[in-house]
Amino acid sequence: MSEQSFLGQVHRAFDAAATFTNHPPALLNQIKECNAVYRVTFPILRDDGTIKTIVGWRAEHSHHKLPTKGGIRYAMSVNEDEVMALASLMTFKCAVVDVPFGGAKGGIKINRKEFSESELERITRRYTFELWKKNFIGPGVDVPAPDYGTSSKEMAWIADTYAQLAVGELNALGCVTAKPIAQGGIRGRTEATGRGVYFGVREACDNVEDMKAIGLTPGLQGKRFIVQGLGNVGYHAAKFLSEGGGVLVAVAEADGALHHDKGLDLQAIMAHRRDFGTLKGFPGAAYLADSRAALELPCDILVPAALEGQITAENASRIQAKIIAEGANGPTTFQADSILHARGVMVLADLFLNAGGVTVSYFEWLKNLSHVRFGRMEKRFEETAFTNVLKAVEDLTGKSLGAERMAKLSHGADEEDLVNSGLEDTMISAWHQVRETWLRHDRKTDIRTAAFISSINKVAVSYQDLGIFP
Ligand code: NAD
């Protein structure tokens, strides 16, 4: 199978993991294959009066749990193979973090920079209509989210279009996640994937034994890291890793890269990019026109957070990072994985590491179905209870906690606190589940294979419970 086929890559990873399970071939095949793919073309009226034919897809990889869930990508690289590969990853990702959804993914083959905002709105609304016509969208059917090239704005258009079609459907807002807050979104979703990457990396770095095995000291503090892609995932991962003590030494974007061994100022870079549309000309850092070369610079952690197929058999042996933290989906090819594993590089696989987005999307979906903001009922009750306890402590000790400490200790959890805490707990327990599987195989498999083994076993249980398979 060629290194180019993304779906082929995912299938190879699946097959490698499947050999470590005892499931019958028919069950493994059912788990591996994509359940449904919808390809659509439709015409769009451009602002200049011409008509453009748009092509898009939605793949629902697994209906073992409903709804299916997965982002929508706007990029010229979108094709059926890519959408099916990404949908498949979503199934196993949801299983890793115990989110009760099957996997899906959608995509439209466009370069969004070539379209005006109103054209993008027409494309998004028409795509939503096409999905609705074929029952490929709905709170109990298939629930999209953002991915490469889309954001909460497109999700708002999708939610609004769906609500107009599904007249009177009480749970209509649950048809898509990562919406703006006023449209039924949840606090903390925008940054969730990057924050989850941080929680996962921090947890992995805290293990003394694992760090020793790759020649690093435990803890994130002082670890030098490189980020590829400064979009939603890359920017937030860089922000939280920096705040957690990591040192950002290089960033790679589509138009070039910046490098400074002593550390880069992320916010200053973002402001420069916003003002000039490029990384070029940023003061106080070396500019590399060959963006991919930045992946090979010295660092402890490399965070690919742009697109798939970035670390291949061609460059894997030159990667200097000891940890690869996959913010993107499929950034490391199957062949590159073997090279990195043989070199003792720790690859924190996408399947686990970038699952923060779907985890918080799950929280948003629950919020939409329950029609109440998390924390709304209990926040004040908790604050009053905490305050009463703290006042009793003050009375008994005769000492005052002071207004600032009292306010901090008596704080009741609001929606954002609960979302971030649920995300942190999910990422930590998912890592320990994957790590246990990895250790059970004496670290002979890589971490991706361990994550696949763990999730294949979970999906298998769903089918076995139906009595279809032994
Ligand atoms: P995004 O569109 O917000 O950002 C992507 C960034 O990558 C952009 O800044 C773009 O300019 C940059 N880029 C494009 N080509 C590049 C190249 N060759 N080198 C360096 N940078 C390049 O997309 P995103 O939502 O951050 O998604 C990025 C990756 O993370 C994708 O693989 C996506 O599937 C994955 N992912 C996203 C989410 C999410 O919640 N958004 C969740 C899980 C996984």
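Residues numbered from 1 in each chain as written. Predicted model: local features only at pLDDT ≥ 70, side-chain atom pairs only at ≥ 80, totals over all residues. Heavy atoms only, no water.

**Concerning the pairing of strand β4 (residues 102–108)**
Across the 7 residues that make up β4, a large majority, 7, are buried. The two faces of β4 match: Gly-102, Ala-104, Gly-106 and Ile-108 on one face and Gly-103, Lys-105 and Gly-107 on the other face are all buried. Note: strand β2 (residues 51–60) against β4, 5 bridges, orientation antiparallel. The residue bridging Arg-58 from the neighbouring strand is Gly-106, located in β4. Note that strand β3 (residues 68–74) and β4 share 5 bridges and pair parallel. (Buried < 20%, exposed > 50% of the residue type's maximum accessible area, 1.4 Å probe, protein only. Helix = DSSP H or I, 4+ residues; strand = E, 2+ residues; numbered from the N terminus. Pairing = 2+ DSSP bridges.)

**A look at the packing of aromatic side chains**
For any pair of aromatic rings, the description rests on two quantities: the centre-to-centre distance and the angle between the ring planes. All chains considered together, the criterion is met by 11 aromatic pairs. Centre to centre, the rings of Phe-14 and Phe-92 are 5.6 Å apart; their planes meet at 45°, and the pair counts as tilted. Residue Phe-14 is found in helix α1 (residues 6–18), and its partner Phe-92 is found in helix α3 (residues 80–96); the two are separated by 78 residues along the sequence. Taken together, a centroid distance of 5.6 Å and an interplanar angle of 90° make the contact between Phe-101 and Tyr-362 edge-to-face. Taken together, the residues span a long stretch of sequence, with Phe-101 in the loop between α3 and β4 and Tyr-362 in helix α12 (residues 356–370) at a distance of 261 residues. Accessibility classification places Phe-101 together with Tyr-362 in one group, the buried group. Taken together, Phe-101, Tyr-362, Phe-363 and Trp-365 form an aromatic cluster joined through their ring pairs. When the ring centre of Trp-438 is taken as origin, the NZ or CZ atom of Arg-443, which lies over that ring, is 4.8 Å away. (Phe/Tyr/Trp six-rings, centres within 6.5 Å; stacked < 30°, edge-to-face > 60°. Lys NZ or Arg CZ within 6 Å of the ring centre and 35° of its normal.)

**Notes on the sheet that holds strand β9 (residues 286–288)**
Ordered in space as β9-β8-β7-β6-β10-β11-β12, the 7 strands form an open sheet in which the pairing is mixed. The sheet is open, and its two borders are formed by β9 and β12 (346–348), each paired with just one other strand. The sheet shows a mean angle of 20° between the axes of neighbouring strands, taken without regard to direction. Bridge count between strand β11 (residues 323–325) and β12: 3 bridges; the pairing is parallel. (Axes fitted to C-alpha atoms, helices over the stretch in contact; angles between N-to-C directions.)

Keep in mind these numbers describe shape, not what the thing actually does.
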